[in-house]
Amino acid sequence: MAEPLFINPFTDFGFKKIFGEEQNKDLLIDFLNELLATQNQHISDLVFKKNDRLGSDDLDRKVVFDLYCENEQGEKFTVELQKAKQAFFKDRMLYYSSFSVQEQGQKGDWDYQLKAIYVIAILDFIMDEDNSDKIVVSKNKMMDIERYKVFYDKLTFVTLQMPNFAKEEHELESNFDKWLYVIKNLHKLDHIPERIQERVFQKLFKVASYTALSKEEKFKYEDSLKYYNDLKNSLDTAQQEGYQEARAEYEVKLEEEQKRTEQEKQRAEQERILKEEALATLENERKNFLQSVLNVQNMGLDKVQIAQITNRSIEEIEVLLGQE
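The structure presented is a predicted model; accordingly, all values stated were derived computationally and were not measured. Sequence positions are assigned chain by chain, starting from 1 and proceeding in written order. Two thresholds apply to this predicted model, a pLDDT of at least 70 for residue-level local features and 80 or more for giving and counting side-chain atom pairs, whereas whole-chain, interface and lining totals are computed over all residues. Calculated side-chain values reflect all of the structure's heavy atoms, with hydrogen atoms and water omitted.

### What to know about the overall build of the protein chain
(1) Moving on: Summing up its helical and strand segments, the protein chain has 9 helices and 6 strands in all.
(2) Moving on: Summary of the burial criterion: residues with accessible area below 20% of their type's maximum are buried, those above 50% are exposed, and those between are partly exposed, where the area comes from a 1.4 Å probe applied to protein chains only. By residue count, 37% of the 324 residues in the protein chain fall in the buried class.
(3) Moving on: In the protein chain, of all internal contacts separated by at least 6 residues, the share reaching a separation of at least 24 is 60%.
(4) Moving on: Looking at the protein chain as shown, the accessible area adds up to about 20,600 Å², and 50% of this sits on carbon and sulfur atoms. Put simply, DSSP H or I for four residues or longer makes a helix, DSSP E for two residues or longer makes a strand, and each gets a number counted from the N terminus. Note on contacts: a residue pair qualifies if any of its non-hydrogen atoms lie within 4.5 Å across the two residues. Computed by Shrake-Rupley with a 1.4 Å probe, the accessible areas treat only the displayed protein chains as cover when residues are assessed.

Have a look at this one:
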């Protein structure tokens, strides 16, 4: 099997090699500046901080790779790559942000002023169940729901649903497009794309080069890649099994619905036939009664007499005779 040209950024090794090493932090800075450009955010420098996440469990450590850093203004950034969907994902993002809040607490006199906090999640899956809008990047803050205004501007949650990014190389317009393209497709590239020649990406391609890895690094990467592939295959299998199970359940329900529909059609047809038969019976009875009235009228009886002997009102007899 031929060696890959570049490492996979969705592996623990790849993510931290590209974004988590001190000598490569300019890559992370450029990515964050592109991502947060609309937030009037510009980062000149970052400091990687110790990343102790209380409460992180084995599943977190297996499917979530995260970096914790701080810019020159003291603002906090948690950047994570998540490979698999987890229950209460949004709750977890909020919970993680609380560490960046708590560590800013000061003893003694303190006015509670906080530095801004950003929690950024790069997702290798679709987060929203309703995926009709195919949203790639979503930026969220706490909001006044009555006035549709931001209530607190210093806490920002950003999610990137990478499967929704569908641009091809010739469609890339901005540097941010190029970042998304590289993150999603780096491990599949067999050449450096002609449209991605900026200096920052030239460095990224150099850092992510598989052949440039040391023997020890290759071992670590292959181990990380094996786990990624095993997890992906397990998730794909579970998804396929879930799809087949859902399809089987849907087909059963569809068959039941079709039976109910057919039964309703049969009942409706039976009701139509019964109604037509009842109407036909009533029409025959009306004709027979009319004929009887005509017979007694021909015998010389007037409307009053006919009404008396048929136990009907004069008006009914007049209407009946008027129909003739």
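### As for unusual backbone geometry
(1) Moving on: The backbone of Tyr 112 sits at a positive phi, close to 70°, despite the residue not being glycine.
(2) Moving on: Turning to its location among the elements, Tyr 112 is positioned in the loop between helix H4 (89–102) and strand S4 (117–123).
(3) Moving on: On the accessibility criterion, Tyr 112 (64% relative accessible area) is exposed.
(4) Moving on: Within the chain, Tyr 148 stands out as a residue other than glycine whose phi angle is a positive 55°.
(5) Moving on: Its place among the elements puts Tyr 148 in the loop between strand S5 (137–144) and strand S6 (149–161).

### Focus on helix H6 (residues 199–207)
(1) Moving on: Looking at H6, one finds that the buried residues are Val 200, Phe 201, Leu 204, Phe 205 and Val 207. Buried residues in H6, looked at end-on, bunch into an arc of 160°, giving them a common side. Seen from the open side of H6, the exposed residues pointing more than 90 degrees away from its buried face are Arg 199 and Lys 206.
(2) Moving on: Buried positions along H6 lie against helix H1 (12–19), helix H2 (25–35) and helix H5 (175–185). Note that the arc is defined by the directions from the helix axis to the C-beta atoms.

### Examining the pairing of S5
(1) Moving on: Bridge count between S5 and S6: 7 bridges; the pairing is antiparallel. What sits directly across from Met 142, in S6, is Tyr 152.
(2) Moving on: Two strands are said to pair when DSSP picks up at least two bridges between them. Where S5 hands over to S6, the hairpin turn is made up of 4 residues, of which Tyr 148 adopts a positive phi near 55°.

### Considering the packing of helix H8 (residues 303–310) against helix H9 (residues 314–322)
(1) Moving on: Packing of H8 against H9 brings their axes to within 9 Å, and their N-to-C directions diverge by 110°. The angle between the axes of H8 and H9 places the two elements in the roughly perpendicular class. Between H8 and H9 lies a crossing whose hand is right-handed. The residues of H9 that touch H8, namely those facing Lys 303, Val 304, Ile 306, Ala 307 and Thr 310, are Ile 314, Ile 317, Glu 318 and Leu 321.
(2) Moving on: Each residue belonging to the contact of H8 with H9 can be placed in one class, and the counts come to 6 nonpolar, 1 polar and 2 charged. Helix axes are fitted to C-alpha atoms over the stretch in contact, other axes to C-alpha atoms as well, and angles between N-to-C directions run from 0 to 180 degrees. For classification purposes, an angle smaller than 35 degrees is called roughly parallel, one larger than 145 roughly antiparallel, one from 65 to 115 roughly perpendicular, and anything else oblique. Here a crossing is called left-handed whenever its near helix is offset anticlockwise from the far helix by less than a right angle, and right-handed whenever the offset is clockwise. The residue classification treats Ala, Val, Leu, Ile, Met, Phe, Trp, Tyr, Cys and Pro as nonpolar and Asp, Glu, Lys and Arg as charged. All others, Gly included, are polar.

### What about the side chain of Lys 178?
(1) Moving on: Topologically, Lys 178 is positioned in helix H5.
(2) Moving on: We define a polar contact as two N or O atoms separated by no more than 3.5 Å, with the added condition that, inside protein, one atom must be a possible hydrogen donor and the other a possible acceptor, whereas residues neighbouring each other in sequence contribute only through side-chain atom pairs. A polar side-chain atom of Lys 178 sits 3.0 Å from the main-chain carbonyl oxygen of Arg 195.

### Details of the environment of Glu 194
(1) Moving on: Relative to the helices and strands, Glu 194 is located in the loop between H5 and H6.
(2) Moving on: Judged by relative accessible area, which is 69%, Glu 194 ranks as exposed.
(3) Moving on: Taking the C-alpha atoms as reference, Glu 194 lies 9.3 Å from His 170; in sequence the two are 24 residues apart.

### Side note on H9
(1) Moving on: Taken residue by residue, H9 has Ile 317, Leu 320 and Leu 321 as its buried positions. Down the axis of H9, the smallest arc covering the buried residues is 95°, so these residues share one side. Within H9, the exposed residues directed more than 90 degrees away from the buried face are Glu 315, Val 319 and Gly 322.

### A look at a nonpolar patch on the surface
(1) Moving on: Side chains of Met 143, Ile 145 and Tyr 148 sit close together on the surface and give an oily, nonpolar patch of about 380 Å² of accessible area.
(2) Moving on: Among the secondary structure elements, Met 143 is positioned in strand S5. Patch definition: residues with relative accessible area over 30% and no salt bridge; like charges joined within 9 Å; nonpolar side chains (Val, Leu, Ile, Met, Phe, Trp, Tyr) joined within 5 Å. The salt bridge definition used is simple: a Lys or Arg side-chain nitrogen within 4 Å of an Asp or Glu carboxyl oxygen.

### Structural notes on the packing of aromatic side chains
(1) Moving on: Side-chain rings of Phe, Tyr and Trp (the six-membered ring for Trp) are treated as a pair once their centres are within 6.5 Å; stacked means planes under 30 degrees apart, edge-to-face means over 60, and tilted covers the remaining angles. Scanning the entire structure with this criterion turns up 14 aromatic pairs.
(2) Moving on: Aromatic pair Tyr 96 and Phe 99: ring centres 6.3 Å apart, planes at 65°, arrangement edge-to-face. Of this pair, Tyr 96 and Phe 99 both sit in helix H4, 3 residues apart, which is roughly one turn of the helix.
(3) Moving on: Under the relative-accessibility criterion, Phe 99 is labelled buried at 12%.
(4) Moving on: Aromatic side chains Trp 179 and Phe 201 sit 5.1 Å apart centroid to centroid with 55° between the ring planes, which places their arrangement in the tilted category. Here Trp 179 is found in helix H5, whereas its partner Phe 201 is found in helix H6, with 22 residues between them in sequence. Phe 201 matches Trp 179 in its accessibility class, with the two residues each being buried.
(5) Moving on: Among the aromatic residues, those joined into a cluster by ring pairs are Phe 15, Phe 19, Phe 31, Trp 179 and Phe 201.
(6) Moving on: Look at NZ for Lys and CZ for Arg. If either is within 6 Å of the ring centre and within 35 degrees of the ring normal, a charge sits over the ring. Over the face of the ring belonging to Tyr 96 we find Arg 92, whose NZ or CZ atom lies 4.7 Å from the ring centre.

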